[in-house]
Amino acid sequence: MHAHYGAGGDGGGSRRAAPLPGDAGLYFLGSLHELVAVGLHRPALEALCAGQRDLAEPPIDRAYLLKILDEEISRQFGHPLRPLIELVLNAADAARAPQPLVDVTVTDGRVDVCDTGVGMGLRAILSRLLIPFATDKRPGIDLGRFGVGFFSVLGFGLPDPESFSLHLTTGDGIEGWAIRVVAWPGAGDAPDAPTSAPEEVGSARGRAAPELAAALMCSVRRIAPLLGTRVRVTSALLEASAVRVYLRDALHFFPASRALVLLDGAAVNDGRLISGGQLVQERIAHPGGALAGAGGPAGAGAPGAGAGGPAGAARARLEEAEEAHERALLARFHVGGRGLLPSISAATFHAGVKVDACLALAELALIDFPAAVELTEGRDALKVGPEFTAVATAFYRRLIQLAAASGEGRRTRDRLAEMAAQISALMLQSAGWDEVARDLARALLGPGRCMVTPERREALLGFLGPSVAERLFVPESFWAEREWQPYLPGERELLEDELELDPAETLSALARRRGDLAGLPLLLARAANPHTTMVALCRSRLPPDRGGADGAAPRRAPGAPPLPEAAGRRPAGPLPCLGTRRLLLIRDDSPAVRRPSGWSDWYALRAAFDRASGVREADLERDLIVGEPVDGAACAASRPGERTSGGEP
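Residues numbered from 1 in each chain as written. Predicted model: local features only at pLDDT ≥ 70, side-chain atom pairs only at ≥ 80, totals over all residues. Heavy atoms only, no water.

Bringing the overall build of the protein chain into the picture now. A count of helical and extended segments in the protein chain gives 21 helices and 23 strands. Counting only residues that meet the buried cut, the protein chain has 50% of its 649 residues in that class. Contacts in the protein chain between residues far apart in sequence, at least 24 positions, make up 73% of those at least 6 positions apart. Within the structure as shown, the protein chain displays about 29,400 Å² of accessible surface, and the carbon and sulfur contribution to it stands at 55%. (Helix = DSSP H or I, 4+ residues; strand = E, 2+ residues; numbered from the N terminus. Buried < 20%, exposed > 50% of the residue type's maximum accessible area, 1.4 Å probe, protein only. Contact = heavy atoms within 4.5 Å. Areas by Shrake-Rupley, 256 points an atom, 1.4 Å probe, with all protein chains shown as cover.)

In structure tokens form, the structure reads like this:
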């Protein structure tokens with residue numbers, strides 16, 4: 001173990017890690033994992049901080065240490081540039097009022113992150129910065145969590161070690177320190193590796209196979225006193241334009257109250273990159289509920305009970321209310337509006353950092369989770385828990401308030417319902433959806449709405465008539481369909497509610513029974529096998545004041561002619577047939593089925609029946625173009641089981 005002690009040195013250094021002649025400011029030069037071992041072993045840490053030149057080798061299992069460091073360095077984030085955000089979060093935690101600033105400068109191949117807040121002395125560097133998970137972050141207050149920001153940045157050395165370096169200068173106002181880390185192609189085989197410590201490369205006890213952690217060389221120098229921290233990351237992977245786009249997208253919703261982030265001198269989180277919409281800040285009751293003993297001890301509120309009587313009880317309740325207010329989760333929601341840069345899209349955030357994008361949304365829907373929401377082990381996904389669910393539920397209810405306050409029409413409310421479902425599926429992992437979906441449906445969709453898929457919308461409107469359009473909710477995405485399906489009635493319920501349905505029977509049996517319906521012979525001729533094709537006659541329901549309790553018409557005997565049309569029935573649509581999963585529906589109140597006349601009725605019967613029977617659209621169009629003309633004579637001459645306009649019998 002080699003350590004060098006002295007004063008002076010500027011910490012700038014060069015690509016070569018070996019000390020310059022006469023450089024007395026060098027405290028440590030060697031493999032990074034050996035410096036981590038010093039931080040883990042208190043006697044070695046105290047000796048290095050005291051300036052001792054030769055340190056006893058810390059009794060640390062090097063194989064296990066290398067394994068842990070390799071895992072931390074090579075663990076992948078959801079986005080390859082996410083380690084840069086870790087640096088910004090660390091800088092924001094260190095930044096201090098009255099105007100906390102984080103200054104980020106980007107050029108091709110290099111990123112600098114600077115703050116003028118609380119820096120670190122040598123002891124803090126060794127015991128916190130260089131030890132994974134040995135963080136001094138305050139849960140629920142600070143943004144960083146696991147103490148892995150420093151090591152995550154070292155991952156830039158994996159794909160291109162020759163271009164990578166990490167240079168950190170920091171100070172607490174009393175002293176200043178510089179740390180430089182470079183990645184050699186391999187441990188012990190770099191042509192210009194330090195010659196002053198050759199024995200350490202291969203003699204460490206328990207050494208694992210050389211991986212990236214073993215190939216990282218580190219120097220620690222004392223420099224002039226300073227206050228704050230500057231981190232410079234150099235790598236060929238850092239393409240300037242891509243880094244700027246990612247940082248703007250990830251940080252534009254970062255709370256400016258925590259720190260104003262400057263990117264190449266321009267603020268990215270002061271609201272100028274978003275246009276329109278509503279930004280609200282909301283305190284949400286902690287999912288733990290009321291504080292224990294919020295009501296005070298039994299009898300405390302009774303006159304004369306307890307110290308201070310009623311005044312004491314009132315004071316205790318006030319203190320409890322203030323404490324509950326402090327425990328409440330503070331979240332921010334931004335709904336609507338648009339991003340002024342193409343990269344900015346709807347997203348969820350934890351402490352201002354994007355976790356998941358929701359590119360299906362045209363609007364911005366941004367959620368800033370309180371720091372109490374935990375991250376998963378992967379460090380760039382939110383952990384669904386009580387706090388997460390409480391914020392998600394509050395966001396959905398905020399959409400309800402938005403709809404009520406705006407007074408917009410059905411189209412806007414349907415769009416809000418679409419947005420809520422997409423956010424639930426793509427961004428919030430369905431957290432809290434079960435608790436609020438029915439309230440959302442009542443507030444945004446209203447009563448009597450049924451969900452149908454986009455591909456079924458036109459068929460249902462053609463079959464039931466355009467007046468039913470007000471009852472249809474058509475989700476724009478698969479995700480919205482998935483989220484709303486358990487809470488909204490669907491096509492089957494819509495048909496049963498709108499129509500009187502006769503029992504199912506075969507098409508051939510129906511044609512024999514209902515000779516009064518002149519359109520059935522053409523349908524019989526179009527069927528590939530009328531003896532197995534299951535159909536059901538149907539018609540619009542009577543209004544409730546003309547029918548039974550459910551609006552159904554009085555029952556007719558089988559084979560009886562249809563009842564006269566009643567005023568108030570919804571008129572039949574232009575399509576007389578509709579295919580469903582179980583059978584084919586035929587409207588006996590459709591003029592084309594009752595008394596077809598002219599080419600348009602015959603076309604409606606043939607096209608609707610073929611589509612309902614599952615004939616491909618291309619085959620149907622070809623049949624209409626090249627087949628025989630359809631007229632009344634052709635229909636009358638047709639025989640059961642025979643097609644009259646081309647195609648196979």
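Strand order in the open sheet made by the five strands is β11-β12-β16-β14-β15, with mixed pairing throughout. Two strands in the sheet have a free side with no partner beyond their single neighbour: β11 (278–284) and β15 (353–357). Looking at each pair of strands side by side, their axes are set apart by 20° on average, direction ignored. Examined bridge by bridge, β11 and strand β12 (residues 329–335) share seven bridges and lie antiparallel to one another. In the strand pairing of β12, V280 is matched with F333. (Pairing = 2+ DSSP bridges. Axes fitted to C-alpha atoms, helices over the stretch in contact; angles between N-to-C directions.)

By the criterion of burial, β12 is predominantly enclosed, with six of the seven residues buried. Judged from the four bridges that link them, β12 and strand β16 (residues 365–369) form a sheet pairing that is antiparallel. Counted as the bridge partner of F333 is I367 from β16.

Okay, the nonpolar core next. Judged by nonpolar contacts, the single largest core of 75 residues is most densely connected at V104, L154 and L247. The leading source of residues in this core is helix α4 (residues 82–94), at seven residues. Membership of the second largest hydrophobic core comes to 49 residues, among which are V355, C358, L440 and L444. (Core = buried A, V, L, I, M, F, W, Y, C linked by side-chain atoms within 4.5 Å.)

This part covers the packing of helix α13 (residues 454–464) against helix α15 (residues 491–498). Orientation of α13 relative to α15, taken along the N-to-C sense of each, is 5°, at an axis distance of 12 Å. Relative to α15, α13 is oriented roughly parallel. Note on element contacts: α15 touches α13 through E491, L494, L495 and E498, opposite R456, L460 and L464. (Parallel < 35°, antiparallel > 145°, perpendicular 65-115°, else oblique.)

Once that is clear, we can look at the packing of aromatic side chains. According to the stated counting rule, one finds nine aromatic pairs in the structure shown. Each ring, one from W599 and one from Y603, has its centre 5.0 Å from the other, and the planes form 15°; the classification is stacked. Of this pair, W599 and Y603 are both found in helix α19 (residues 598–612), four residues apart, which corresponds to roughly one turn of the helix. Pairwise contacts between aromatic rings join F333, F395, Y396, W433 and W484 into one cluster. One Lys or Arg, R332, reaches over the ring of F253 and ends 4.2 Å from the middle of that ring. Taking NZ or CZ as reference, R587 lies 5.6 Å from the ring centre of F463, over its face. (Phe/Tyr/Trp six-rings, centres within 6.5 Å; stacked < 30°, edge-to-face > 60°. Lys NZ or Arg CZ within 6 Å of the ring centre and 35° of its normal.)

Burial within β16 is extensive, with five of its five residues counted as buried. Alternating positions in β16 separate into two faces, A365, I367 and F369 on one and L366 and D368 on the other, with burial throughout. Sheet analysis places strand β14 (residues 347–350) next to β16, joined by four bridges and oriented parallel. Residue pairing for β16: F349 is matched across the bridge by D368.

Bringing helix α3 (residues 62–74) into the picture now. Taking 1.5 Å per residue as the helical rise, α3 with its 13 residues ought to reach 18 Å, and the 18 Å between its terminal C-alpha atoms agrees with that figure. Buried within α3 are the following residues: R62, L65, L66, L69, D70, E72 and I73. The buried residues of α3 occupy one face: seen down the axis, they fall within an arc of 165°. Of the residues flanking the start of α3, the one acting as N-cap is D61, its side-chain oxygen 3.1 Å from the backbone nitrogen of A63. (Expected span 1.5 Å × (residues − 1). Arc of directions from axis to C-beta. Polar contact = N/O pair within 3.5 Å; in protein donor to acceptor, adjacent residues only side chain to side chain.)

Another point: the sheet that holds strand β8 (residues 260–263). The nine strands are arranged β1-β6-β5-β4-β7-β3-β2-β8-β9 in an open sheet whose pairing can be described as mixed. The open sheet has two free edges, formed respectively by β1 (26–31) and β9 (266–267), since each of these has just one partner strand. Sheet topology note: the β8/β9 ladder contains two bridges and is antiparallel. Within β9, the residue paired with L263 across the bridge is A266. Of the strands in this sheet, β1 and β6 (216–223) touch helix α1 (residues 32–40), which is tilted by about 120° from β1.

Angle between the axes and distance between the axes are the two parameters that describe a pair of packed helices. At a minimum axis separation of 11 Å, α1 and α3 run at an interaxial angle of 105°. Between α1 and α3, the angle falls in the class roughly perpendicular. On α3, the residues touching H33, E34, V36, A37 and L40 of α1 are R62, L65, L66 and L69. In the contact of α1 with α3, the residues fall into six nonpolar, one polar and two charged. (Nonpolar A, V, L, I, M, F, W, Y, C, P; charged D, E, K, R; others polar.)

Turning to its location among the elements, V436 is positioned in helix α12 (residues 433–445). Residue V436 is classed as buried on the basis of its relative accessible area of 0%. Separated by 43 residues in sequence, V436 and T393 have C-alpha atoms that sit 6.7 Å apart.

Turning our attention to the pattern of salt bridges. One pass over the full model with this rule turns up 34 salt bridges. With a shortest N-O distance of 2.7 Å, D264 and R244 are connected by a salt bridge. Pair noted here: D264 is in the loop between β8 and β9 and R244 is in helix α8 (residues 240–251), with a separation of 20 residues, a long-range link. Classification of D264 as partly exposed rests on a relative accessible area of 35%. With a relative accessible area of 23%, R244 lands in the partly exposed category. Residue R513 pairs with E505 through a salt bridge whose shortest N-O separation is 2.5 Å. Taking relative accessible area as the criterion, R513 reaches 29% and is therefore assigned partly exposed. In the salt-bridge network here, residues are joined through shared partners; they are R110, D112, R230 and R232. (Salt bridge = Lys/Arg side-chain N within 4 Å of Asp/Glu carboxyl O.)

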